[in-house]
Amino acid sequence: MATILPPPSKRQRREALERTQIQADVTPAPIEAGSFKARFVDSDSNQLAEVVEIPLADASEKNVSLLLNTLLGRDREDFTPYRFRIHVPSSDIVIDTYPTPHEFLAVLRSHGIANPFETTLTLSAEPQAVFKVQAVTRMANRIPGHGEAILAAQFSPKSSSRLATGSGDNTARIWDCDTGTPKYTLTGHSGWVLAVSWSPDGSRLATGSMDKTVRIWDPESGKAVGRPLSGHSKWVTNFAWEPYHQWRDGTPRLASASKDATVRIWIVNTGQTEHVLSGHKSNVSCVRWGGKGLIYTSSHDKTVKVWNAVDGTLKHTHAAHAHWVNHLALSTEFVLRTSYYDHVKDVLSTEEEKRAKAKARFEKAATKQGKIVERLISASDDFTMFLWDPEEGTKPVARMHGHQKQVNHVTFSPDGALIASSSFDNHTKIWSARDGKFISTLRGHVAPVYQCAFSADSRLLVTASKDTTLKVWSMQTGKLAVDLPGHQDEVYAVDWSPDGKRVGSGGKDKAVRIWCN
């Protein structure tokens, strides 16, 4: 018979209570006196300013950012916020997460810098968005309407006023997020709507369905444009619009991926098929259209393929994964999605001005060391991701491993510096987009994480999970910023509006939720 311990006596209970009421000493240890020398460089390793000495007590990222702006002779209203990486001298190691002044010495010493006070540290300065997106903190609207689960959601590139969703009730819907009301119900599909995608100029909406068709809609009227685009022999699962700066004669093209192992390129204005990209041996899970004239596709045949968008010919096949490839992301995805829209209220009246602005935004986002570079990340059921430089051939830049289950979704931050990956292991991980190095794990969800989306300033990330919650994370600290309960079942789809004002989400409970600060 097992021995049962007697209950604690009154004295033991009283002593335990007293112990819980004693205030722990949480006074931080004083920062060690001293200073270090800092050499500032840009992303191309060009020196930005003279070498300066920085007192350790004032070495917070914010203070160092202010110092660099002062050294560059900028007026206060023209200050640019910076994010810094520390290059460890005499090695290839880069400290991606800038430490607090209290942690500074310990972090440097843990990387082999025995005497930081006699070392010149190289700090690479990455300019951050001048505007700052506030974390969403509350549910602004819960909008019912769909009759089945919401499977896809995307904001218009124009503003946060319009959100499109696709559902298992065979319809897509456009919602007015300003008033929290349904705007249009897009009916016509005879199967679940698995994908929705706005054109880069916001003038059209594409929907793809289990009924094997693609439909194009006018979001201003809610009416279908032309006839359904037929040709696929199985479900349509994913879309990619041709980047706005590559449109020829104002005629957009659309790539649709299907379970029939093909990708079709449609001339949207005529409904004609321009090319059929056939080479995969199984379901095409994702398609992305790059700004340099390449189309990227991933498949359950374990490969990623790179195609020439103009003539539809195959350029490369990347065959590094050991299982299904679930998702792809491009480093330039944010600027391609938003074309000529940004937070500056420029009035662009002609197509030439709009195309020039879209091209300039793309080139600025993609230029690294004087070259236009577009990186690709692939996520797989083999628990890993690969970072690719598709123009450099078929060898990956990095293999990224650490997830314990299938990786469902990946995305680059709008500034191209970070990668977020969401997995069925309940975690989201953050990686450096430069070399694929692991930065941090975001722990908080208690069930698989289905999707994630960055804010427009790259400082925040929202994740959607089977555990019925959304969570907002700070990229500076790697910690939870806001917990957003409110859904009553699994959350399948989430998007952060390109202007940073709202988050939209949907899932198994059939109601769209709009979140704001």
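Residues numbered from 1 in each chain as written. Predicted model: local features only at pLDDT ≥ 70, side-chain atom pairs only at ≥ 80, totals over all residues. Heavy atoms only, no water.

## Let's talk about the side chain of Arg-85
Mapped onto the secondary structure, Arg-85 falls in strand β3 (residues 82-87). For Arg-85, a relative accessible area of 2% puts it in the buried group. (Helix = DSSP H or I, 4+ residues; strand = E, 2+ residues; numbered from the N terminus. Buried < 20%, exposed > 50% of the residue type's maximum accessible area, 1.4 Å probe, protein only.)

## With respect to the UniProt feature "repeat: WD" (unreviewed entry) in the protein chain
The positions UniProt marks with the feature "repeat: WD" (unreviewed entry) are residues 143-185, 186-227, 229-276, 277-317, 400-441, 442-483 and 484-517. As annotated, residues 400-441 has a helix share of 0% and a strand share of 55%, and its two end C-alpha atoms lie 13 Å apart. (UniProt positions renumbered as here; feature names shortened; annotations may be inferred.)

## Details of helix α3 (residues 101-110)
Within α3 the residues assigned to the buried category are Pro-101, Phe-104, Leu-105 and Leu-108. Down the axis of α3, the sector holding all buried residues measures 80°, keeping them to one side. Summarising the geometry of α3, the exposed residues directed more than 90 degrees from the buried face are Ala-106 and Ser-110. Looking at the buried side of α3, the elements it contacts are β1 (35-41), β3, β4 (94-95) and β5 (120-127). Within two residues after α3, Gly-112 carries a phi angle of roughly 90°, on the positive side. (Arc of directions from axis to C-beta. Contact = heavy atoms within 4.5 Å.)

## Considering the sheet that holds strand β6 (residues 138-143)
Ordered by their spatial adjacency, four strands build an open sheet running β6-β39-β38-β37, and the pairing between neighbours is antiparallel. For this open sheet the edge positions go to β6 and β37 (491-496), each flanked by a neighbour on one side alone. Neighbour to neighbour, the strand axes of the sheet diverge by 20° on average, direction disregarded. Both β6 and strand β39 (residues 512-516) contribute to a ladder of five bridges, which runs antiparallel. Bridge pairing links Asn-141 to Ile-514 in β39. (Pairing = 2+ DSSP bridges. Axes fitted to C-alpha atoms, helices over the stretch in contact; angles between N-to-C directions.)

## Looking at the sheet that holds strand β15 (residues 236-241)
Backbone-to-backbone hydrogen bonds pair the strands of a sheet. The strands run either parallel or antiparallel. In spatial order, the strands read β15-β16-β17-β18; together these four strands make up an open sheet with antiparallel pairing. Both edges of this open sheet fall to β15 and β18 (272-278), since each of them pairs with a single strand only. Looking at each pair of strands side by side, their axes are set apart by 25° on average, direction ignored. Judged from the five bridges that link them, β15 and strand β16 (residues 253-258) form a sheet pairing that is antiparallel. Paired with Trp-241 across the two strands is Leu-254, which belongs to β16.

## Focus: the nonpolar core
One finds Phe-36, Phe-40, Ile-54, Phe-84, Ile-86 and Phe-104 to be the most contacted residues of the largest nonpolar core, which totals 23 residues. Elements represented by at least two residues in this core include exactly β1, β2 (52-55), α2 (61-71), β3, α3 and β5. Once residues within four sequence positions are removed from consideration, Phe-40 is found in contact with Asn-46, Gln-47, Leu-48, Ala-49, Val-52, Ile-54, Val-64, Leu-67, Leu-68, Leu-71, Phe-84 and Leu-123. Counting 17 residues, the second largest nonpolar core, distinct from the first, contains Val-491, Val-494, Trp-496 and Val-503. (Core = buried A, V, L, I, M, F, W, Y, C linked by side-chain atoms within 4.5 Å.)

## Let's talk about the environment of Phe-104
Assignment of secondary structure puts Phe-104 in helix α3. When its relative accessible area of 0% is taken as the criterion, Phe-104 is described as buried. Taking the C-alpha atoms as reference points, Phe-104 and Ala-57, 47 residues apart in sequence, are found 9.6 Å from one another. Phe-104 has contacts with Phe-36, Leu-56, Ala-59, Ile-86, Tyr-98, Pro-99 and Leu-121, leaving out every residue within four places of it along the chain.

## A few points about the pattern of salt bridges
In this structure the tally under the stated criterion is 17 salt bridges. Residue Glu-333 is joined to Arg-288 by a salt bridge in which the shortest nitrogen-to-oxygen separation is 3.2 Å. Taken as a pair, Glu-333 in helix α4 (residues 333-338) and Arg-288 in strand β19 (residues 284-289) lie far apart in primary sequence, 45 residues in all. With a closest N to O distance of 3.6 Å, Lys-437 and Asp-435 form a salt bridge. Through salt bridges with shared partners, a single ionic network connects Glu-242, Arg-248, Arg-253 and Glu-274. (Salt bridge = Lys/Arg side-chain N within 4 Å of Asp/Glu carboxyl O.)

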